[in-house]
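Chain and residue survey
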Amino acid sequence: QVQLVESGGGLVQAGGSLRLSCAASGSSFGTMGWFRQAPGKEREFVAIITWSTGDTYYTDSVKGRFTISRDNAKNTMYLQMNSLKPEDTAVYYCALARSRMYRWESANRRKYDYWGQGTQVTVSS
């Protein structure tokens, strides 16, 4: 059984930065990712990282602003968010899939086996 615990959310002004963390228990991580859900909207894909290789993939709206990374020794994934915009406001969730995932399937929430509880990110204008 895997448990995912997110941290690092908060309130920040537009143009500011935050770093989210997702600590994972257990082993055999294939792909880990970040999703977000704004009020009244569906949960949407943000970024993924392949645990073994460090390969990354981002949704277009965050490319050049967000960076996903992982620390194998700490079993922790990060999301560095820079140049934040009010439209980035959402609850951010980390997710884990036991298998390695292709880019074309990374946005499919049903492909992920475990989810964290979420952390709120609020960007004020």
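Right, let's walk through the structure included here. (Residues numbered from 1 in each chain as written. Predicted model: local features only at pLDDT ≥ 70, side-chain atom pairs only at ≥ 80, totals over all residues. Heavy atoms only, no water.)

Some words on the nonpolar core
One finds Leu 4, Met 32, Trp 34, Met 77, Leu 79, Met 81 and Tyr 92 to be the most contacted residues of the largest nonpolar core, which totals 29 residues. Among the secondary structure elements, those contributing two or more residues to this core are strand S3 (18–24), strand S4 (31–37), strand S5 (44–50), strand S7 (66–71), strand S8 (76–81), strand S9 (90–97) and strand S11 (119–124). The contact partners of Leu 4, leaving out residues within four places of it in the chain, are Cys 22, Ala 23, Ala 24, Met 32, Cys 94, Ala 95, Leu 96, Tyr 114, Trp 115, Gly 116 and Gln 117. Ranked by size, the runner-up nonpolar core spans seven residues in total, among them Phe 35, Phe 45, Ala 95 and Tyr 112. (Core = buried A, V, L, I, M, F, W, Y, C linked by side-chain atoms within 4.5 Å. Buried < 20%, exposed > 50% of the residue type's maximum accessible area, 1.4 Å probe, protein only. Helix = DSSP H or I, 4+ residues; strand = E, 2+ residues; numbered from the N terminus. Contact = heavy atoms within 4.5 Å.)

Topic: the sheet that holds strand S1 (residues 4–7)
Taken in spatial order, the four strands make up an open sheet running S1-S3-S8-S7, and their pairing is antiparallel. Two strands lie at the open edges of the sheet, namely S1 and S7, each paired on one side alone. Within this sheet the neighbouring strands show an average axis-to-axis angle of 15°, counted without direction. When S7 meets S8, the two strands line up antiparallel, connected through six bridges. Bridging from a neighbouring strand, Thr 67 pairs with Gln 80 of S8. (Pairing = 2+ DSSP bridges. Axes fitted to C-alpha atoms, helices over the stretch in contact; angles between N-to-C directions.)

What to know about the environment of Cys 94
Mapped onto the elements, Cys 94 comes out in strand S9. Spatially, the C-alpha atom of Cys 94 lies 14 Å from that of Arg 110, the residues being 16 residues apart in sequence. Not counting chain neighbours up to four residues away, the residues in contact with Cys 94 comprise Leu 4, Glu 6, Cys 22, Gly 33, Trp 34, Met 77, Tyr 114, Trp 115 and Gly 116.

Regarding the pattern of salt bridges
In this structure the tally under the stated criterion is six salt bridges. We note a salt bridge from Arg 36 to Asp 88, for which the minimum N-O separation is 2.9 Å. On the criterion of sequence distance, the pair formed by Arg 36 in strand S4 and Asp 88 in the loop between S8 and S9 is long-range, its members being 52 residues apart. Each of the two residues, Arg 36 as well as Asp 88, counts as buried. Where Glu 105 meets Lys 111, a salt bridge forms, and the shortest distance between an N and an O atom there is 3.5 Å. Assessed through its relative accessible area of 10%, Glu 105 is described here as buried. Among the charged side chains, a salt-bridge network with shared partners connects Arg 36, Glu 44, Arg 65 and Asp 88. (Salt bridge = Lys/Arg side-chain N within 4 Å of Asp/Glu carboxyl O.)

In short, shape yes, function no, at least from these values alone.
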